[in-house]
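The chain contents come next:
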Amino acid sequence: MSSCFDKAKAFYADLGVDVEAAFRRLDQIPVSLHCWQGDDVNGFENDGALDGGIAVTGNYPGRARNIGELRDDIQKVLSLLPGKKRLNLHAIYADTNGKKVERNELDATHFASWIDFAKAENIGLDFNPTFFSHPLASNGTLSSADPGIRQFWIEHAICCRRIGAEMGKQLGNTCVTNVWIPDGFKDTPYDRLAPRKRLEESLDAIFAENIDRKYNLDAVECKLFGIGAESCTIGSHEFYMGYAVSRNKLCCLDAGHFHPTEVISDKISSCLLFLDEILLHVSRGVRWDSDHVVCWDNELQQIASEIIRNNFDQRVHIGLDYFDASINRIAAWAIGARNMYKALLFALLEPAEMLKNAENSGDYAVRLGIFEELKSMPFAAVWNEYCARHNVPGGMDFLKAVKDYEINVTSKRN
Ligand code: RNT
Ligand code: ZN
C-alpha cells in the first residue's frame, strides 16, 4: 500500500508539480534564525532594560540567562527545523568573557566563539549593530543632534560591519549586517529634515569603508513608528528606500513595520526592480506590536510565494524577527521558523503553469478557484516527509521535543 506521501505526490504530479524538485529547491533556501527570541532581546551586557520602542511582554519561565544557555536553546530549535539554516546575531550578544567592552570597541574576537558555534552547526551567520538598550541611545543615535553621540554610534556600526565581514570570511558564507535605529519623536517635530540629513551623513560615514560583498552585505531597516516614536520615525520607508537605491544597499522589509493594511509581500517585486537584493524580517504585526510569533497566515504565504514565483531565492535574504515571552520561548521560536519553511514549501508546490495560463488568458475565476483548492491539497503529507528526510519531527511531534526540553532544561532555570 502506498504511503500518504506517495499519494500526495501523485496528487501534485497531476497538477504538473514535481515534489522532489520542490524539496531540492527548498534545501537551498536558508532561513536566518534570530538569536534574540531566546532571551527576550536582553543580550549579555547586563546593562538594564530593553528600550528603543520595542517591547517583549510575558515572563514565561526558562529564559536563557547566559551564552551557554542561549546556545543550548538555539541548538534545540535548529534540531526542530528542516532545511537550510543561518543564525542572526546582535552586537549585544558579544562573548567578552565577562569584561565590559564598549560597543564602539567590539571586534571579531568577541564573536570568535559564535563563529566556532556556527562552524560546528554548519550554518552561516548574520549580524546587527545594536542601537538600543544603551545610555547613549536614549535620545537618538545616528540622527542625534549631538555630534559626540552620533560619532559613538557611527563607530559602533563600523565595528559591526567589520565583524560581519570577518564572520563571512571565516565561514565562507556571506553575512548580512543590518542597521536598524530607533530614532524618532513621540510628538510632532518642527524639523523632520535635519535629523534625516544627519542620518544620511552618518550612514555614509559608516559605509565609507569598502568591504567585499563576498563577505558582508549591508542592509538598512525602515519602520513606520515605534513606541515613543509615534509622530516621526527618522528611518522611514521612503528614507531607506531612497538610501538603498542610491547607495546600492539592501533594503530590509520587516513585516511588522508598515501600516496594518500594508503588506511587505506586495513590496518585494517593486524593490527588486530597483535593488539587487533585499533582506526580510519575517514577523507578524498585531495592532501596535510588530513582533508576534510568525503564523502561517495569508501574508506569510504571499511572502513565500513572491520569492518562489519570481525565482528570488538568491536575491531575498530571509530573516526572522519576533519575540514572545508569554509562552515557552523554544516553542515560539520553532513554531514561527517552521512556518517559514512550510510557507516556502507550499509555494514550491503551486501549479505554476496552470496559474499562469489562467491569469494570462484573463480567467480570474479559474485562478481564484485554483488558489482556493490548493489550500485543501494533501500538503501535510509532503511537509511531514520533508521533515522526516531531515530527521526533524513532523506534524505536532516537535511539541513533544519542546516539552521534554522544558522538563529537563528550561524549567530548571530561575
Ligand atoms: C525593531 C526592528 C529590529 C529589531 C531587532 C532586534 O523594530 O524590527 O529589527 O526587532 O533588531
Ligand atoms: Zn526587524
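Quick note: structure is the one above.
Visitor: Sorry, what's going on with the state of the cysteines here?
Guide: On inspection of all chains with the given rule, the structure shows 0 disulfides. Sulfur of cysteine 160: no disulfide; nearest cysteine sulfur belongs to cysteine 159 and is 6.4 Å away. The class of cysteine 160 is buried, set by a relative accessible area of 0%. Summary of cysteine pairing: cysteine 222 is not part of a disulfide, and the nearest cysteine sulfur, belonging to cysteine 251, is at 6.4 Å. The buried category is assigned to cysteine 222, whose relative accessible area is 2%.

Visitor: How should I be thinking about the site of ligand 1 in this particular structure?
Guide: Residues in contact with ligand 1, as listed here, are Trp36, Ile54, His90, Trp180, Glu221, Lys223, Asp254, His257, His281, Asp321 and Phe323. Expressed as a share of its isolated accessible area of 310 Å², the protein-covered part of ligand 1 is 100%. Its residues assigned to classes, the shell around ligand 1 shows 4 nonpolar, 3 polar and 4 charged.

Visitor: Teacher, can you tell me more about the nonpolar core here?
Guide: One broad trend across soluble globular proteins is that nonpolar side chains are buried collectively. Ranked by size, the top nonpolar core spans 124 residues in total, and within it Ile74, Trp114, Leu142, Leu203, Ile278, Leu280 and Leu345 carry the most contacts. Ranked by residues supplied to this core, first place goes to helix α10 (residues 329-348) with 14 residues. Apart from residues no more than four positions distant in its own chain, leucine 280 is found in contact with Leu253, Ile264, Ile268, Ile303, Ile307, Val316, His317, Ile318 and Gly319. In this structure, Leu217, Ala219, Leu250 and Leu279 belong to the second largest nonpolar core, which totals 6 residues.

Visitor: Please clarify how the coordination of the zinc ion (ligand 2) should be interpreted in this entry.
Guide: Reference values for angles at a metal are 109.5 degrees in the four-donor tetrahedral case and 90 or 180 degrees in the six-donor octahedral case. Bound to the zinc ion (ligand 2) on the protein side are Glu221 (OE), Asp254 (OD), His281 (ND1) and Asp321 (OD), at distances that span 2.1 to 2.2 Å. Of note is the zinc ion (ligand 2), whose 6 donor atoms meet at the metal with angles of 71 to 170 degrees in an arrangement that counts as octahedral. Site description for the zinc ion (ligand 2): donor spacing in sequence, E-x32-D-x26-H-x39-D. Highlighted residues: aspartate 254 in strand β8 (residues 250-254) and aspartate 321 in the loop between β12 (316-320) and α10, separated in sequence by 67 residues. Here aspartate 254 falls in the buried class, since its relative accessible area comes to 0%.

Visitor: In this structure, what is going on with the pattern of salt bridges? I would like to understand it.
Guide: Per the stated rule, a full pass over the model turns up 23 salt bridges. Here arginine 367 ties to glutamate 359 by a salt bridge, and the two come within 2.9 Å at their closest N and O atoms. By relative accessible area, arginine 367 is classed as partly exposed at 22%. For glutamate 359, a relative accessible area of 39% gives the class partly exposed. Connected through shared salt-bridge partners, Lys9, Glu20, Glu385 and Arg389 make up one network.

Visitor: Just checking my understanding: could you explain the environment of isoleucine 407 for this structure?
Guide: Assignment of secondary structure puts isoleucine 407 in helix α14 (residues 397-408). Expressed as a C-alpha distance, the spacing of isoleucine 407 and isoleucine 264, which sit 143 residues apart in the sequence, is 38 Å.

Visitor: Is there a simple way to explain the packing of aromatic side chains in this structure?
Guide: Think of a pair of aromatic rings as described by two things: how far the centres are apart, and how the planes are tilted against each other in angle. Tallying each qualifying case throughout the model produces 14 aromatic pairs. Three or more aromatic residues link up through ring pairs in this structure, and these residues are Phe207, Phe239, Tyr240 and Tyr243. For the cation-ring pair, arginine 71 lies above tryptophan 114, with the distance from its terminal atom to the ring centre recorded as 4.2 Å. Above the plane of the ring of phenylalanine 207 lies lysine 249, whose end atom (NZ or CZ) is 4.3 Å from the centre.

Visitor: I tried to follow the side chain of arginine 86 on my own but got confused; where do I start?
Guide: Considering the arrangement of structural elements, one finds arginine 86 in strand β2 (residues 85-90). Note on arginine 86: relative accessible area 10%, which makes it buried. Reaching out from arginine 86, the side chain makes a polar contact with the backbone oxygen of leucine 125 at a distance of 3.0 Å. Setting aside its immediate chain neighbours within four residues, arginine 86 contacts Pro30, Val31, Ser32, Leu33, Ile123, Gly124, Leu125, Asp126, Asn173, Thr174 and Cys175.

Thresholds applied
- Residues numbered from 1 in each chain as written.
- Chains lettered and ligands numbered in written order.
- Predicted model: local features only at pLDDT ≥ 70, side-chain atom pairs only at ≥ 80, totals over all residues.
- Heavy atoms only, no water.
- Disulfide = S-S within 2.5 Å.
- Buried < 20%, exposed > 50% of the residue type's maximum accessible area, 1.4 Å probe, protein only.
- Near = heavy atom within 4 Å.
- Areas by Shrake-Rupley, 256 points an atom, 1.4 Å probe, with all protein chains shown as cover.
- Nonpolar A, V, L, I, M, F, W, Y, C, P; charged D, E, K, R; others polar.
- Core = buried A, V, L, I, M, F, W, Y, C linked by side-chain atoms within 4.5 Å.
- Helix = DSSP H or I, 4+ residues; strand = E, 2+ residues; numbered from the N terminus.
- Contact = heavy atoms within 4.5 Å.
- Donors = N, O, S within 2.8 Å, 3.2 Å for Na, K, Ca; no water.
- Tetrahedral: all angles 85-135°; square planar, octahedral: opposite > 155°, others 65-115°.
- Salt bridge = Lys/Arg side-chain N within 4 Å of Asp/Glu carboxyl O.
- Phe/Tyr/Trp six-rings, centres within 6.5 Å; stacked < 30°, edge-to-face > 60°.
- Lys NZ or Arg CZ within 6 Å of the ring centre and 35° of its normal.
- Polar contact = N/O pair within 3.5 Å; in protein donor to acceptor, adjacent residues only side chain to side chain.

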